[in-house]
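Chains, contacts and geometry: an overview
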Amino acid sequence: MQDAKGPDQLFQRALAEGEILLPKCDDCRAYHFFPRVLCPHCHGTAISWKQAGGKGRVHTTTVVRRKPERGGDYNVCVVELDEGVRMMSRVEGIAPGEVVIDMPVTAFVGEAEGVPAVLFKPSEG
Amino acid sequence: MTTELRGKSAIVGAGHAGFGEAHGLTAYDVMAQSALAALGDAGLKLSDVDGLFCTMMEDSMPALMAAEYLGIQPRFIDGTMSGGSSFVNYLTSATMALDAGLCDVALIVYGSNQRTASGRLVTASRPPAYEAPYNPRYPISAYAMAAARHMHEYGTTREQLADVAVAARAWAQRNPEAFERGPLTREDVLGARMVGDPLTVRDCCLVTDGGGAIVMVRADRARDFPKAPVYVLGSAAASSHRQISQMKDFTVTAARDSGARAFAAAGVTPADIQAVELYDAFTINTILFLEDLGFCAKGEGGAFVEGGRIAPGGVLPVNTNGGGLSCVHPGMYGIFTVIEAARQIRGDAPGIQLKDIDLALAHGNGGVLSSQVTAILGSQNTL
Ligand SMILES: [Zn+2]
């Protein structure tokens, strides 16, 4: 994706390089997610990419129950980043049932379903 | 729908087919049997239908497939797909089309064989790209996360969620058409297999086969049919997102908006409604919609449903057929909210028939709390 042009391609290319970029509107200065060709807040089309700070909180969470022989239970959650955008993800490094609402989490680039993906771990301290 | 359309159309036929398990039948077979049942109820024939309002879980052009299967060439087709709410939404477009003379007999129809076909949710839709890598289980993970947030913000309990399922079962036990009629206690729900925390398998709707249909005409000829007409007094739609990760407030649905506009169009308030038919895909839905439609304040839905208050003999009759939780849920349940509301008003409900029902509410939900459509139906007395 050297010649990435569209918002989705640009986001995915950065992710493949280990970077989390967030789209930010030049007009209203608000972030949005998922990436798109316009700002969903003010409908402006001047969008810049900013490095995500990586800090956020679990907005809501669930445990997907799965038989152990199929890989066992796993977490699915929605995280709100400090930039004000939300994304679906999962928190790794703790049991899926120990992920709780409002828990502070830190983003990292990992792999989900064989593709680079934004994942989270509990924030330290 | 605006007040100018209040009472301009009426339901003159309702029918269903294939409830439970429709062995050996395709989804379109069940759709067609449902159409015939509703037309028979209205004393009409398929050849009378010139307006078709339909979507299905399979194919990208289901309304065209349905018209072809039925052997009709409608003058007007609406195949808008907003999930299970679509069939409540068609009340608006059918009323508009009838009122404008674009069609004279509107058939709203749906069918599914999802239980016998696979026992799992059949869907032609793909998971959204920014959610798919995390493997949410659709649709339960979305509703589980809404329930978790409601519990977090308002102290709603798993016991209160369970009481929604228990109430639905109590209605179903008196409905010979309902699929699940065995006893169900709060402890049964809480102790059932956890599927997506905090929801157990008994917090989830059934997976059944089944189809439903209704027939609508302009109000000026609504009294020329065998059954008492049921008028569409108001209907309104609102949507807030498609992907659950994009839902702004997980504890407030667009039903707040659709409900307010439907009530305004009908010129009535929640206190006037005598029977409430809600799309209960999961137990949290009933709580959210009772709040958002104005039957109780935000955050008080848990207490509102607790201990049989929406069960037979309670303070408000909700999902009087047993709902998607215990009566029928063939992939999309929306049309059954309209059918049960209409039958309560006509006085021929298959289960518990409430006394002297003039006003009933049908509420459809689509996607993952994404699309909300509210309709208010009334008897001749309400015109
Ligand atoms: Zn903007």
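Keep in mind the model is a prediction, meaning the values are calculated, not measured.

1. What about the overall build of chain B?
Check the secondary structure of chain B and you find twelve helices and eleven strands. A globule of 383 residues ought to have a C-alpha radius of gyration of about 21 Å, and chain B, at 19 Å, matches this closely. For chain B, the spread of C-alpha atoms along the three principal axes comes to 50 × 40 × 40 Å. Classification of the 383 residues of chain B by burial places 64% in the buried group. Considering only residue pairs separated by 6 or more positions, chain B has 77% of its internal contacts joining residues 24 or more positions apart. Accessible surface, chain B as shown: approximately 12,900 Å² in total, 51% of it carbon and sulfur. A gap of 1 Å separates the mean positions of the 29 positive and 38 negative side-chain charges of chain B.

2. So, helix α1 (residues 27–42) of chain B
Residue and element names in this part refer to chain B. Between its terminal C-alpha atoms α1 stretches 23 Å, which fits the 22 Å expected from 16 residues at 1.5 Å a residue. Listing the buried residues of α1 in full gives Ala27, Tyr28, Asp29, Val30, Met31, Ala32, Ser34, Ala35, Ala38, Leu39, Asp41 and Ala42. Against β1 (9–20), α2 (62–70), β4 (106–112), β7 (209–218) and α12 (334–346) lie the buried residues of α1. Where α1 ends, the next residue or the one after it, Gly43, has phi of about 70°, a positive value.

3. Considering the domain arrangement of chain B
All names here are of chain B. Looking at chain B, the domain boundaries give domain 1 (3–119 + 209–230) and domain 2 (137–195 + 234–382). Here the C-alpha centre of domain 2 lies 22 Å away from the C-alpha centre of domain 1. Every contact between the two is made by 42 residues of domain 1 and, on the other side, 41 residues of domain 2. Here domain 1 packs against domain 2, burying approximately 2,900 Å² in sum over the two surfaces, 68% of which is carbon and sulfur. Taken together, the connections running from domain 1 to domain 2 amount to one salt bridge. One salt bridge in this structure joins Arg346 and Asp41, with 2.8 Å as the shortest N-O distance. The interface formed by domain 1 and domain 2 holds twelve residue pairs in polar contact (both at pLDDT 80 or more) in total. Listing elements by their share of the side of domain 1 that touches domain 2, those giving two or more residues are β1, α3 (86–99), β4, α4 (114–117) and β7. Element by element, the count of residues in the side of domain 1 that touches domain 2 is highest for β1, at eight residues. Its residues assigned to classes, the side of domain 1 that touches domain 2 comprises 18 nonpolar, 17 polar and seven charged.

4. Considering the coordination of the zinc ion
Residues and elements named next belong to chain A. Protein-derived ligands of the zinc ion are Cys25 (SG), Cys28 (SG), Cys39 (SG) and Cys42 (SG), with the metal-ligand distances lying across 2.3 to 2.4 Å. Around the zinc ion sit four donor atoms, and with donor-metal-donor angles ranging over 99 to 115° the site reads as tetrahedral. If you list the donors of the zinc ion from N- to C-terminus, the spacing comes out as C-x2-C-x10-C-x2-C. One end of the pair, Cys25, is in strand β1 (residues 21–25); the other, Cys39, is in the loop between β1 and β2 (47–51), with 14 residues separating them in the sequence. Residue class for Cys25 comes out buried when judged on its relative accessible area of 1%. Cys39 sits in the buried class, given a relative accessible area of 0%.

5. Considerations on the pairing of strand β11 (residues 371–378) of chain B
Residues and elements named next belong to chain B. Counting buried positions along β11 gives eight out of eight residues, so the element sits mostly inside the fold. With burial as the criterion, each face of β11 is covered, one bearing Ser371, Val373, Ala375 and Leu377 and the other bearing Gln372, Thr374, Ile376 and Gly378. Sheet topology note: the strand β8 (residues 230–239)/β11 ladder contains eight bridges and is antiparallel. The partner of Ala236 across the bridge, within β11, is Thr374. Of the strand pairs in this sheet, strand β10 (residues 359–366) and β11 are connected by eight bridges, and their pairing is antiparallel. Bridged to Gly366 within β11 is Ser371.

6. Comments concerning unusual backbone geometry
Between Phe33(A) and the following residue, Phe34(A), the backbone shows a cis peptide bond with an omega angle of 15°. Secondary-structure assignment places Phe34(A) in the loop between β1 and β2. That bond from Asp197(B) to Pro198(B) is cis: its omega, 10°, falls within 30 degrees of zero. Among the structural elements, Pro198(B) can be located in the loop between β5 (194–196) and β6 (199–200). Phi at Glu113(A) takes a positive value of approximately 55°, unusual for a residue other than glycine. Relative to the helices and strands, Glu113(A) is located in the loop between β6 (104–112) and β7 (115–122). Given a relative accessible area of 56%, Glu113(A) falls into the exposed group.

7. A word on the packing of helix α6 (residues 158–173) of chain B against helix α9 (residues 283–292) of chain B
Residue and element names in this part refer to chain B. Relative orientation of the contacting elements α6 and α9 amounts to 95°, with a least axis distance of 8 Å. What the angle tells us is that α6 and α9 run roughly perpendicular. Contacts between α6 and α9 involve Gln160, Leu161, Val164 and Ala165 from the former and Thr283, Ile284, Thr286 and Ile287 from the latter. Considering only residue class, the contact of α6 with α9 consists of five nonpolar, three polar and no charged.

8. A closer look at the sheet that holds β11(B)
Residue and element names in this part refer to chain B. Sheet architecture is open: nine strands sit in the order β3-β2-β4-β7-β1-β8-β11-β10-β9, paired in mixed fashion. Edge positions in the sheet fall to β3 (76–78) and β9 (275–278), since each has one partner strand and no second. Put simply, the sheet's adjacent strands are angled 20° from each other on average, direction ignored. Packed on one face of the sheet, α3 meets β1, β2 (51–54), β3, β4, β7, β8, β10 and β11 and runs near 25° to β7.

9. What to know about the packing of aromatic side chains
All names here are of chain B. Summed over the entire model, instances satisfying the criterion amount to twelve aromatic pairs over all chains. Ring centres 5.5 Å apart and planes at 75° place the aromatic pair Phe19 and Phe336 in the edge-to-face group. Here Phe19 is found in strand β1, whereas its partner Phe336 is found in helix α12, with 317 residues between them in sequence. According to the relative accessible area criterion, Phe19 is partly exposed, its value standing at 21%. Counting every residue linked through ring pairs, the aromatic cluster contains Phe53, Phe76, Phe87, Tyr90 and Tyr110. Looking at Arg309, its charged tip hangs above the ring of Phe304, at a distance of 5.2 Å from the centre.

10. Remarks on a negative patch on the surface
Residue and element names in this part refer to chain B. Side chains of Glu159, Glu187, Asp188 and Glu306 sit close together on the surface and give a patch of like negative charge. Within the fold, Asp188 resides in helix α7 (residues 186–191). The partly exposed category is assigned to Asp188, whose relative accessible area is 37%.

Thresholds applied
Residues numbered from 1 in each chain as written. Chains lettered and ligands numbered in written order. Predicted model: local features only at pLDDT ≥ 70, side-chain atom pairs only at ≥ 80, totals over all residues. Heavy atoms only, no water. Helix = DSSP H or I, 4+ residues; strand = E, 2+ residues; numbered from the N terminus. Rg over C-alpha atoms; globule rule 2.2 N^0.38 Å. Buried < 20%, exposed > 50% of the residue type's maximum accessible area, 1.4 Å probe, protein only. Contact = heavy atoms within 4.5 Å. Areas by Shrake-Rupley, 256 points an atom, 1.4 Å probe, with all protein chains shown as cover. Lys, Arg positive; Asp, Glu negative; His and termini not counted. Charge placed at Lys NZ, Arg CZ, Asp CG, Glu CD. Expected span 1.5 Å × (residues − 1). Domains from an automatic or database assignment. Buried area = accessible area lost by both parts, 1.4 Å probe. Salt bridge = Lys/Arg side-chain N within 4 Å of Asp/Glu carboxyl O. Polar contact = N/O pair within 3.5 Å; in protein donor to acceptor, adjacent residues only side chain to side chain. Nonpolar A, V, L, I, M, F, W, Y, C, P; charged D, E, K, R; others polar. Donors = N, O, S within 2.8 Å, 3.2 Å for Na, K, Ca; no water. Tetrahedral: all angles 85-135°; square planar, octahedral: opposite > 155°, others 65-115°. Pairing = 2+ DSSP bridges. Axes fitted to C-alpha atoms, helices over the stretch in contact; angles between N-to-C directions. Parallel < 35°, antiparallel > 145°, perpendicular 65-115°, else oblique. Phe/Tyr/Trp six-rings, centres within 6.5 Å; stacked < 30°, edge-to-face > 60°. Lys NZ or Arg CZ within 6 Å of the ring centre and 35° of its normal. Patch = residues over 30% accessible without salt bridge, like charges linked within 9 Å, V, L, I, M, F, W, Y side chains within 5 Å.

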